[in-house]
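# Chain and residue survey
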Amino acid sequence: MAIDFKESTGIAFQALRANKLRSLLTLLGTIIGVTAVIAVISLVQGMNQYVSGKLLAQGSNVFWIDKIGFEMDNDKIREALKRPDLTLGDADALAGVLGNKAYVKAEASTNSQIRYLEHKMQRIEVKGVSGNFQQVDDQEIDNGRPLADLDVQRRRSVAVIGSEVAEELYAGLDPVGHDLQIGNRRFQVVGVAKKKGSFFGESQDRYVQVPFGAMLKLVPQTPSVTIGVKSVDAGRIQQVEDETRAVLRAIRHDRPGQSDSFGITTPEAFLGLWRNFTATAFIVVIGVAAISLLVGGIVIMNTMLVSVTERTREIGVRKALGARRGDIMLQFLVEAVVLSLVGGALGVALGSSIALLVGLVSPLPAAVSGLAVGLGVAMSAMVGIFFGVYPAARAAGLDPVDALRYE
Amino acid sequence: MGVLLELIDLERTYRVGSEDVHALAGVSLRIMEGEYVAIMGPSGSGKSTLMNIVGCLDTPSAGVYRLKEREVSSLGDDELARVRNEEIGFVFQTFNLLARADALHNVELPLIYGGVGPAERRQRAEEALHQVGLGDRMKHKPNELSGGQRQRVAIARALVNRPSLLLADEPTGNLDTRTGDEIMALFAQISASGRSIIVVTHEEEVAARSRRIVRLRDGKIESDLAVAPQAQTLAAGG
């Protein structure tokens with residue numbers, strides 16, 4: 001197969017240059033389709049990285065138990081709230097059975113106003129912790145010390161504060177050793193936790209951590225606790241989870257056949273939800289891209305049909321000079337593919353810019369992947385081939401005598 | 001000299017509406033290698049149809065066409081394309097150059113379809129352009145060339161693949177008299193170098209430059225006469 005490649009590509013570019021507005025309109029569908037694919041793939045990949053990074057920051061060998069568990073359905077949540085509270089006693093019993101196979105912590109929280117001198121912050125999460133909270137949370141202290149077991153046992157009025165609380169309330173002052181008023185009770189700051197950053201725009205550094213018993217003094221009644229379990233051996237997490245379920249069912253007198261009166265939440269459950277969400281996003285985008293590419297392809301086909309008609313005589317000349325059907329076919333296919341590839345390239349540029357821009361102004365690490373670029377280019381090339389075949393076949397099938405006579 | 005082409009009882013019938021039109025109604029003709037033949041006839045005489053068949057652009061409805069002892073009347077599209085590429089060089093009344101391509105690229109086209117590599121292609125195209133006196137216009141586009149220069153590019157393109165036959169259709173039809181004369185002088189040169197030429201024309205002066213005139217009327221050969229050397233000299237002088 002011989003092809004006048006220089007002419008084919010040259011003609012495509014020349015046609016694009018000659019009428020910029022028409023070219024833009026011709027390629028619009030392809031540009032939009034490829035832009036959508038590149039931008040969304042890059043963003044979703046970035047978000048995936050972000051979400052799994054954050055969710056797994058605590059380690060994949062941690063799970064949580066509370067009354068509700070991982071539940072999205074409002075009715076089920078309402079039902080679950082009627083279950084008996086989880087208590088510190090449940091956590092202690094569980095810790096006793098799991099022994100040195102796992103770390104167990106219990107936590108409950110309330111929101112309260114906090115104050116230092118004339119500085120105030122409203123609705124700050126006050127977490128009461130007990131058990132192996134340091135091991136489960138992997139908490140790092142920037143300044144001062146963490147809460148000690150003795151603090152928890154003696155229900156001391158001491159607190160570790162999040163880095164944002166430290167900055168806002170103490171404004172440059174070292175908070176360690178200073179007073180902290182929580183509600184109407186006075187605590188002493190013993191440490192400042194290392195900054196964790198935000199998760200989907202929500203700060204993870206606006207909290208105060210106190211011994212569980214000290215937190216109880218701030219609330220009218222003992223709240224249901226959340227139990228955190230961290231398997232010492234990451235490989236045996238499933239076994240620890242099974243054992244936890246069995247132990248809690250026994251302590252809480254869940255009858256055989258009756259469902260758990262508590263819920264276990266694993267990082268995988270969050271990731272699963274996230275994957276469902278991104279899968280939906282992908283389907284929507286594939287739909288948008290498919291429609292754009294279909295429209296773009298039809299426009300390219302129309303442009304190519306016009307081109308074939310305009311150049312009927314040229315096709316006749318080429319045939320007279322020895323071009324075979326396949327040669328003409330290939331020439332017009334190359335033109336169509338060059339057209340659609342230019343659209344694809346513009347789409348890749350536009351989509352990448354959008355992804356990178358989002359990456360700049362948000363915490364999402366929106367890296368443009370080679371996969372996305374490759375997919376965009378391949379898609380646009382396929383549009384060119386698919387929608388170029390019919391015009392190219394029309395050109396190739398022209399009778400040389402008729403074509404040469406065409407005015 | 002061998003036989004270049006042989007037509008035996010050639011017929012070409014078109015269907016127009018419900019009627020059959022016999023564009024060629026039994027044409028037999030033999031042309032030897034190296035001949036310079038003019039085909040003449042009024043419009044509707046079938047000379048264009050004959051040219052299309054001789055040029056392998058069209059196939060006869062009946063009869064035999066042998067080109068260099070090969071039966072080409074029943075070849076398929078792609079085989080005909082190959083024959084056109086290797087054996088025939090076309091020169092058209094309206095030049096039919098590609099407007100977007102420069103002279104060099106226009107001349108390269110038959111070589112592209114002949115599968116000649118880029119380096120050799122370029123060299124041969126340059127050579128052909130030098131031969132028609134356009135060595136200094138290779139990078140010019142058709143719209144930057146005069147009519148005569150365009151036809152020279154077309155002639156270079158027709159000859160670049162060293163065809164057995166140069167087939168020209170009213171080659172001077174779009175040119176003024178002086179430029180037309182120049183082109184016909186070039187044809188005489190090409191003929192002198194041994195290349196077979198068929199010119200389809202309705203101009204007596206053009207036909208007079210050839211050595212044999214075949215006249216068609218109503219799809220049949222009306223006359224087939226050698227041109228007197230005297231007439232040739234006169235035409236060349238005029």
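Residues numbered from 1 in each chain as written. Chains lettered and ligands numbered in written order. Predicted model: local features only at pLDDT ≥ 70, side-chain atom pairs only at ≥ 80, totals over all residues.

This part takes up the overall build of chain A. A tally of regular secondary structure across chain A gives 14 helices and twelve strands. Taking 22 Å as the expected radius of gyration for a compact globule of 407 residues, we find that chain A reaches 33 Å, considerably beyond that expectation. Overall size of chain A, expressed as C-alpha extent along the three principal axes, is 105 × 55 × 35 Å. For chain A, the residues scored as buried account for 40% of the 407 residues in total. Summarising the internal contacts of chain A: among those between residues at least 6 apart in sequence, 83% fall at separations of at least 24. (Helix = DSSP H or I, 4+ residues; strand = E, 2+ residues; numbered from the N terminus. Rg over C-alpha atoms; globule rule 2.2 N^0.38 Å. Buried ≥ 20, exposed ≤ 12 C-beta atoms within 10 Å, placed from the backbone. Contact = placed C-beta atoms within 7 Å.)

What follows is about the pairing of strand β5 (residues 158-161) of chain A. Put simply, side chains in a regular strand alternate between the two faces of the sheet. Residues and elements named next belong to chain A. Burial of β5 is two-sided: the residues V158 and V160 facing one way and the residues A159 and I161 facing the other way are all buried. Bridge count for β5 against strand β7 (residues 185-193) is four bridges, and the pairing is parallel. Bridged to A159 within β7 is V189. Sheet topology places β5 next to strand β10 (residues 207-211); two bridges connect them, and they run antiparallel. Across the sheet, the residue bridging to I161 is V208, located in β10. (Pairing = 2+ DSSP bridges.)

All names here are of chain B. Mapped onto the secondary structure, G26 falls in strand β2 (residues 19-32). Considered as a pair, G26 and E11 are 15 residues apart in the sequence and their alpha carbons are 5.1 Å apart. When neighbours within four sequence positions are excluded, G26 is seen to be in contact with D9, E11 and K220.

Core analysis: the largest hydrophobic core is formed by 124 residues, its most contacted members being A:I38, B:I39 and B:A156. Among all residues touching B:A156, those that are not within four sequence positions of it are B:V107, B:A128, B:L129, B:Q131, B:V132 and B:L134. (Core = buried A, V, L, I, M, F, W, Y, C linked by C-beta atoms within 7 Å.)

On to the packing of helix α10 (residues 267-310) of chain A against helix α13 (residues 370-396) of chain A. Residue and element names in this part refer to chain A. Following both chains from N to C, one finds α10 and α13 inclined at 35°, their axes separated by 9 Å at the closest point. α10 and α13 meet at a crossing whose hand is right-handed. For the pair α10 and α13, contact is made by L293, G296, G297, I298, I300, M301, M304, L305 and V308 and by M379, V383, G384, F386, F387, G388, Y390, P391, R394 and A395, respectively. Classifying every residue of the contact of α10 with α13 by side-chain character gives 14 nonpolar, four polar and one charged. (Axes fitted to C-alpha atoms, helices over the stretch in contact; angles between N-to-C directions. Left-handed = near helix turned anticlockwise from the far one by under 90°. Nonpolar A, V, L, I, M, F, W, Y, C, P; charged D, E, K, R; others polar.)

Bringing the interface of chain B and chain A into the picture now. Taken together, the contact between chain B and chain A spans 20 residues of the former and 19 residues of the latter. Elements represented by at least two residues in the side of chain B that touches chain A include exactly α2 (77-87) and α3 (103-113) of chain B. A total of six residues in the side of chain B that touches chain A trace back to one element, the largest contributor, which is α2(B). Here the side of chain B that touches chain A is built from residues that sort into nine nonpolar, five polar and six charged.

All names here are of chain B. In spatial order, the strands read β6-β7-β8-β3-β9-β10; together these six strands make up an open sheet with mixed pairing. Looking at strand neighbours, the two that pair on one side only are β6 (88-91) and β10 (220-226), the edges of this open sheet. Each adjacent strand pair in this sheet contributes to an overall mean axis angle of 20°, direction not counted. Here β6 pairs with strand β7 (residues 165-169) via four bridges, running parallel. If you follow I88 over to β7, its bridge partner there is L165.

Glancing now at the sheet that holds strand β4 (residues 62-67) of chain B. Residue and element names in this part refer to chain B. Spatial ordering of the open sheet is given by β2-β1-β4-β5, a layout of four strands whose pairing is antiparallel. This sheet does not close on itself; its edge strands, each paired only once, are β2 and β5 (70-71). Inspection of the sheet shows strand β1 (residues 3-16) paired to β2 by eleven bridges, in the antiparallel sense. Directly across from T13, in β2, lies its bridge partner H22.

Below, the discussion takes up the packing of helix α4 (residues 88-98) of chain A against helix α9 (residues 237-251) of chain A. Two packed helices can be described by the angle between their axes and the distance between those axes. All names here are of chain A. Interhelical geometry of α4 versus α9 gives an angle of 130° and a closest axis separation of 10 Å. With respect to their mutual orientation, α4 and α9 come out oblique. Between α4 and α9 lies a crossing whose hand is right-handed. Contact residues: α4 offers D90, A93, L94, V97 and L98, while α9 offers V240, E243, T244, V247, L248 and I251. The residue makeup of the contact of α4 with α9, split by class, is eight nonpolar, one polar and two charged. (Parallel < 35°, antiparallel > 145°, perpendicular 65-115°, else oblique.)

In this section: the pairing of β10(B). Residues and elements named next belong to chain B. For strand β9 (residues 212-217) and β10, the ladder comprises six bridges, and the chain directions are antiparallel. Each bridged residue has a counterpart across the sheet, and for R212 the counterpart in β10 is A226. Linkage of β9 to β10, two consecutive antiparallel strands, is achieved through a turn of two residues, within which D218 is found at a positive phi near 50°.

For chain A, the domain assignment lists domain 1 (5-53 + 271-405) and domain 2 (84-261). Using C-alpha coordinates to define each centre, domain 1 of chain A is positioned 55 Å away from domain 2 of chain A. (Domains from an automatic or database assignment.)

With 27 residues, α13(A) ought to run about 39 Å at 1.5 Å a step, and its terminal C-alpha atoms sit 36 Å apart, in line with that. The largest bend along α13(A) reaches roughly 45° and is located at A:V389, with the proline A:P391 sitting one to four residues downstream. (Expected span 1.5 Å × (residues − 1). Bend = angle between axes of the 7 residues up to and from the residue.)

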